[in-house]
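A look at the structure
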Amino acid sequence: KLLGQVYFLRAWVYYKLVVLHGGVPIIDHTQNPLASEAEKLFVPRNTTKECIEFICRDLAKAAEYLPFEWANSGDWGRVTAGAALALKGRILLWYASPLFNRADNVNRWEAAYQANKNAIDTLKLGGFNLAYLDNPGVNAAGWAKMFIDRGRNPEAVLVTLFNNVVDDNSSVNVWKNNSWERGVRPNNAMGGGGRGTTSQMVDLFPLADGQPAVDKDWNPIHGYNPNLFFNNRDPRFYRTYAFVGERWAFQGDPRPNGVTSYPYNGPDYVLWNYCWYVDATRRDSTDLAGFYVGSGYGADGLAGSYRGIYVRKKSDDLDINSSPTYKPYIMPDGKLVNIFNNSGAPYMEIRYAEVLLNFAEAACGANHGNEALAALRLIRQRVGYTGDCGLDEGLAGDRAALFAAILYERQIELAYEGKRFEDMRRWLLWDGGAKFSEVSGAPATWTLTGFSGNTCNYLDVRPLNGRNRTGMDIAIANSGPDAAIGANTVGAGQTLDDIDPFLKNHIVRPTPIDLRNDLTPQLAALETFYTTYLVRKTKRVDGDQYKQVNYRPYYYFIGLSSSAQRNNAKLEQNIGWQDVMTSAIGTFDPLAE
């Protein structure tokens, strides 16, 4: 069992290196550090294919040695045979993807399909599956809760465990806390300030029937109204984001601290994060300077620290977990030092839904369309979809459209889990892979001959290059004398805290959205509130308006650092990157076999 874990960890390290750089030196024996043997320490890079095969051998050995599940509850979190095979499925999916598979060799897709199928079968033997599949709860409550379940979680294929021990400054530190909860919570809940998102991500989520809300150019479709972005959305939307007028309860009461910017007892917390501007010109401008020089302020004590939309995903919501994984730290005088710092929520690096999505993508590539579509529907059924889950039967026979549907589902299901950058690289989505001829030293084998010569065209998506991101505020509209923008400025002797009571007397807030109950009757009142008082404001988040994404074609394989090259004179640099040893462009080809 010990060897099984070590083989897995070695494979994990090589996996991280190879998907970033291509082939690296394979070291499978103890090296002699004596000066007389120093030359043997300098090992040249193996091919990517050799490294993939090496990783798969390690993972096969790990799966052979490891149990399907660990019998002792104290061993929960250790890697299992299923986790090893899930990683094998992931690495073979990489190798089948356009980044490595320019000719769309179906044999690679078939190998990834078989590996992921084997992983799923093995995981099931260990009790792994989609968590809450048969009990989605109200508004996908089960889906939300699985991220903070600390016991044996069937979703957690590869998991990092944390505890909520408070650091006591002892000689032996036993605390290992998860910082996510503090990071996503707003300042006025004693959080770290919250995590914002882009307007593109808000609009990306499907509607309640599974259809997209916007097209590839972000134009609204299927009746979607961006100003009422919260209406009629996929259940995961409400568990991924928090917005104006939504309840977001927590354990703890920061009010005894005597700070007016803590307006709620935790179990009663509601997010009122609308903002206002000193004049309509600034409100309607997308210029960053118009906001950040101090012309806009947030409600409920959020002031300049508010976010237009907050990332809520993986949050320990009191309404779905009555025994939070965090422990509020209370001083003897009753004041809170912090609420969310000491969180023991786990982190899932590989979860069962990703393995299913890996399987679906590989099955699609290997022309097993029906199996791919069935897996995709299962992902949606877990959050409450019924029938065809918004996925037409015709997808099974349209390989390109099915690939696009799978990658879209990955964006939704795995949002804010660190997977999108990898998918962008695997599928060459900055430019479709159409500009490899511009890479200095690139051979003809770099040309994308499969996938219609351009993955973006093949998937019918717009390349990310040439675009920029925008954020969004939910701002007070100039809808009448009671909400006049000019009246909401900070006057002489006033503070930001003086403004919010003024607004509360002029803006009638509705009953907040409560995810414990059916949303249909609740959204009507929120819609009236938004329509009467608020406007969705677009703002830039990438600096100057002329700055656009420009991902160079040689970036798809990241070059080696200068320090790595200096430590090993036999390390060739990747094609397209400067070799620090020769000052010339690199010669190592990550695609060569």
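I will try to describe carefully the structure that is included in this document. (Residues numbered from 1 in each chain as written. Predicted model: local features only at pLDDT ≥ 70, side-chain atom pairs only at ≥ 80, totals over all residues. Heavy atoms only, no water.)

Re a nonpolar patch on the surface
A surface patch of nonpolar side chains, amounting to about 350 Å² of accessible area, comprises Val165, Val172, Val174 and Trp175. Within the secondary structure, Val172 is located in the loop between β1 (156-160) and α6 (180-184). Judged by relative accessible area, Val172 falls into the exposed class, the value being 56%. (Patch = residues over 30% accessible without salt bridge, like charges linked within 9 Å, V, L, I, M, F, W, Y side chains within 5 Å. Areas by Shrake-Rupley, 256 points an atom, 1.4 Å probe, with all protein chains shown as cover. Salt bridge = Lys/Arg side-chain N within 4 Å of Asp/Glu carboxyl O. Helix = DSSP H or I, 4+ residues; strand = E, 2+ residues; numbered from the N terminus. Buried < 20%, exposed > 50% of the residue type's maximum accessible area, 1.4 Å probe, protein only.)

Examining the packing of aromatic side chains
Counted according to the given criterion, the structure contains 45 aromatic pairs. For the pair Trp109 and Phe403, a centre-to-centre distance of 5.1 Å together with 45° between the ring planes defines the contact as tilted. With Trp109 in helix α4 (residues 106-125) and Phe403 in helix α13 (residues 399-413), the pair connects residues that are 294 residues apart, well separated along the chain. Their ring planes at 75° and their centres at 5.1 Å tell us that Tyr326 and Phe340 sit as a pair that is edge-to-face. Of this pair, Tyr326 sits in the loop between β7 (310-311) and β8 (329-330) while Phe340 sits in the loop between β9 (336-338) and β10 (347-351), and the two are 14 residues apart along the sequence. Accessibility classification places Tyr326 together with Phe340 in one group, the buried group. Among the aromatic side chains, those forming a connected cluster through ring pairs are Tyr95, Phe100, Phe421, Trp430, Phe436, Trp446, Tyr551, Tyr554, Tyr555, Tyr556, Phe557 and Trp577. Across from the ring centre of Phe588, 3.7 Å away, lies the NZ or CZ of Arg45, which sits over that ring. (Phe/Tyr/Trp six-rings, centres within 6.5 Å; stacked < 30°, edge-to-face > 60°. Lys NZ or Arg CZ within 6 Å of the ring centre and 35° of its normal.)

Brief notes about the packing of helix α1 (residues 2-21) against helix α3 (residues 81-96)
Following both chains from N to C, one finds α1 and α3 inclined at 20°, their axes separated by 11 Å at the closest point. As judged from the angle between their axes, α1 and α3 are roughly parallel. For the element pair α1 and α3, the recorded crossing hand is left-handed. Contacts between α1 and α3 pair Phe8, Trp12, Tyr15 and Val19 from the former with Ala83, Ala84, Leu87, Arg90, Ile91 and Trp94 from the latter. Classifying every residue of the contact of α1 with α3 gives nine nonpolar, no polar and one charged. (Axes fitted to C-alpha atoms, helices over the stretch in contact; angles between N-to-C directions. Parallel < 35°, antiparallel > 145°, perpendicular 65-115°, else oblique. Left-handed = near helix turned anticlockwise from the far one by under 90°. Contact = heavy atoms within 4.5 Å. Nonpolar A, V, L, I, M, F, W, Y, C, P; charged D, E, K, R; others polar.)

Nothing here speaks to function; it is geometry throughout.
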